[in-house]
Amino acid sequence: MLKILGKSTSINVRKVLWTCEEVGLDYQLEQYGSGYKPTDTPEFLALNPNGQVPVLIDEGFVLWESNTICRYLVGKAGREDLLSGTPRGRARVEKWMDWQATELNSAWRYAFNALVRRNPDYTSQSDINASIADWNRCILILERELEQSGLWVTGQTFTLADIVLGLSVNRWKMTPFERPDVPAVDAWFARLGQRPAFRRHGDNGTP
Ligand SMILES: N[C@@H](CCC(=O)N[C@@H](CS)C(=O)NCC(=O)O)C(=O)O
């Protein structure tokens, strides 16, 4: 059976759990990460030199980076529809996944550490304001896309882009600050809420 190392409160671990459930893969979760088993031991670092979760172990095959793990899982389950079947369709899905991991993740980091984690290293009000502005700017980019794309981020079909962005938007909605109106994002998020796998893994835990 697949083994996933990581805590179920982590946004990046929950992507992987949600994907497993969407594609019907069984897994065993071993709780690693702050508050659980440590990730800075030589044994863990041999699996992931970044000392981060999630890590997937599939019969000796070890993989880290949550979005890559999600892509691997849909391939393993024969559910390439979650990445779209065509080169252009796949590129559209991967574009949003890469954007989530780079632009969007960079935008929220300061504000989230300050406002939710209450990390004493993140107290500059101007940096908090800049991070909130950038975070809202990114979500407005998603809003413009969803105004045009239809049901899901890349069109009429649910894909991995919806999973990774669904978790990000959950975090955005749960962090206390002023947000712009985003009716298309709200409607899409409500559609995600109808998926049992999202209710179990996407919309729970810490933001
Ligand atoms: N780029 C990595 C980031 C992973 C990451 O930031 N993981 C966090 C949890 S969300 C972590 O391991 N933090 C250290 C810890 O919890 O001990 C991925 O997407 O897998």
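Parameters at a glance
All residue numbers here refer to positions counted from 1 along the written sequence of the relevant chain. Residues qualify for local features only when their pLDDT is at least 70, as the model is predicted, and side-chain atom pairs are given and counted only at 80 or more; totals for whole chains, interfaces and linings, by contrast, use all residues. Excluded from the side-chain calculations are hydrogens and water; all other atoms, namely the structure's heavy atoms, are used. UniProt positions are given in the numbering used here, feature names are shortened, and annotations may be inferred rather than shown by experiment. Each helix is a run of H or I in the DSSP string that is no shorter than four residues. Each strand is a run of E no shorter than two, and both are numbered from the N terminus. Multiplying one less than the number of residues by 1.5 Å gives the expected span of a helix. Type-normalised accessible area, obtained with a 1.4 Å probe on protein chains alone, sets the label of each residue: buried when under 20%, exposed when over 50%, and partly exposed for intermediate values. Here a polar contact is recorded for every N or O atom pair within 3.5 Å, except that within protein the pair must consist of a potential hydrogen donor and a potential acceptor, and residues adjacent in sequence are included only if both atoms are side-chain atoms. The axes used here are C-alpha line fits, helices contributing only the stretch in contact, and every angle between their N-to-C directions lies in the interval 0 to 180 degrees. Any angle from 65 to 115 degrees is called roughly perpendicular, while one under 35 is roughly parallel, one over 145 is roughly antiparallel, and all others are oblique. Helix crossings fall into two classes, left-handed where the near helix is turned counterclockwise from the far one by less than a right angle and right-handed where it is turned clockwise. For this analysis, residues touch if any pair of their heavy atoms sits within 4.5 Å. Ring pairs are drawn from Phe, Tyr and Trp, using the six-membered ring of Trp, whenever the two centres fall within 6.5 Å, and their geometry is named by plane angle: stacked under 30 degrees, edge-to-face over 60, tilted for the rest. Sitting over a ring, as applied to charges here, requires NZ of Lys or CZ of Arg to be within 6 Å of the ring centre and within 35 degrees of the ring normal. Defined by distance alone, a disulfide is two cysteine sulfur atoms within 2.5 Å. Proximity is defined per residue: any heavy atom of the residue falling within 4 Å of a molecule or strand makes that residue near it. For the area figures, the Shrake-Rupley method with a 1.4 Å probe applies, and any residue is considered shielded solely by the protein chains shown. Residue classes follow a fixed rule: Ala, Val, Leu, Ile, Met, Phe, Trp, Tyr, Cys and Pro count as nonpolar, while Asp, Glu, Lys and Arg count as charged, and any other residue, Gly among them, counts as polar. Any carboxyl oxygen of Asp or Glu that lies within 4 Å of a side-chain nitrogen of Lys or Arg is treated as forming a salt bridge with it.

Going by the annotation in an unreviewed UniProt entry, the name recorded for the protein chain is Putative glutathione S-transferase YliJ, with Atlantibacter hermannii NBRC 105704 given as the source organism. Recorded in UniProt under Sequence similarities (unreviewed entry), the annotation for the protein chain is "Belongs to the GST superfamily."

Draft legend 1. Region of the structure containing helix 6 (residues 160-174). Between its terminal C-alpha atoms helix 6 stretches 22 Å, which fits the 21 Å expected from 15 residues at 1.5 Å a residue. Where burial is concerned, most of helix 6 is hidden: 13 out of the 15 residues are buried. Where helix 6 starts, the residue carrying a side-chain oxygen 3.1 Å from the main-chain nitrogen of A161 turns out to be T159.

Draft legend 2. Spatial organisation of the packing of helix 1 (residues 11-23) against helix 6. Orientation of helix 1 relative to helix 6, taken along the N-to-C sense of each, is 140°, at an axis distance of 10 Å. On the basis of their axis angle, the class for helix 1 and helix 6 is oblique. For the pair helix 1 and helix 6, the crossing hand works out as right-handed. Seen from helix 1, the contacting residues are I11, R14, K15, W18, T19 and E22; seen from helix 6, they are L160, D162, I163, V164, G166, L167, S168, N170 and R171.

Draft legend 3. Focus on the packing of aromatic side chains. Going through the model one piece at a time under the given rule, you end up with eleven aromatic pairs. When the centroid spacing of 5.2 Å and the interplanar angle of 35° are considered together, the rings of Y32 and F44 count as tilted. With Y32 in the loop between strand 2 (27-30) and helix 2 (42-47) and F44 in helix 2, the pair connects residues that are twelve residues apart, well separated along the chain. Owing to a relative accessible area of 16%, Y32 belongs among the buried residues under this scheme. Among the aromatic residues, those joined into a cluster by ring pairs are W18, W152, F158, F189 and F198. Across from the ring centre of W108, 5.4 Å away, lies the NZ or CZ of R109, which sits over that ring. When the ring centre of W172 is taken as reference, the NZ or CZ atom of R179 above it lies at 5.7 Å.

Draft legend 4. View of the state of the cysteines. Considering all chains together, one arrives at zero disulfides under this definition. Cysteine C20 is unpaired, with the sulfur of C70 as its nearest cysteine sulfur at 8.1 Å.

Draft legend 5. A look at the site of the ligand. Around the ligand, the surrounding shell consists of K7, S10, N12, G33, S34, T39, Q52, V53, P54, E65 and S66. K7 places a polar side-chain atom, nitrogen or oxygen, 2.8 Å from an oxygen atom of the ligand. S34 is positioned with one of its backbone polar atoms (N or O) 2.9 Å from an oxygen atom of the ligand. Across the complex, the protein chains shield 74% of the 510 Å² of accessible surface that the ligand would expose by itself. Residues that form the shell around the ligand fall into these classes: two nonpolar, seven polar and two charged.

Draft legend 6. Summary view of the UniProt feature "domain: GST N-terminal" (unreviewed entry) in the protein chain. Residues annotated by UniProt as "domain: GST N-terminal" (unreviewed entry) correspond here to residues 1-81. Helix makes up 37% of residues 1-81 and strand 20%. Its end C-alpha atoms lie 23 Å apart.

Draft legend 7. Fine view of the pattern of salt bridges. Applying the stated criterion across every chain, the model contains twelve salt bridges. With its nearest N and O atoms 2.3 Å apart, the salt bridge here joins R200 to E21. Separated by 179 residues along the polypeptide, R200 in helix 8 (residues 196-201) and E21 in helix 1 bring together distant segments of the chain. Under the relative-accessibility criterion, R200 is labelled partly exposed at 48%. Close ionic contact of E22 with R195 constitutes a salt bridge, the shortest N to O distance being 2.9 Å. Placement of the pair is E22 in helix 1 and R195 in the loop between helix 7 (183-192) and helix 8, with a sequence separation of 173 residues. When its relative accessible area of 16% is taken as the criterion, E22 is described as buried. The exposure class of R195 is partly exposed, given its relative accessible area of 21%. Several salt bridges converge on common partners, so that one network encompasses R71, E80, R90 and E94.

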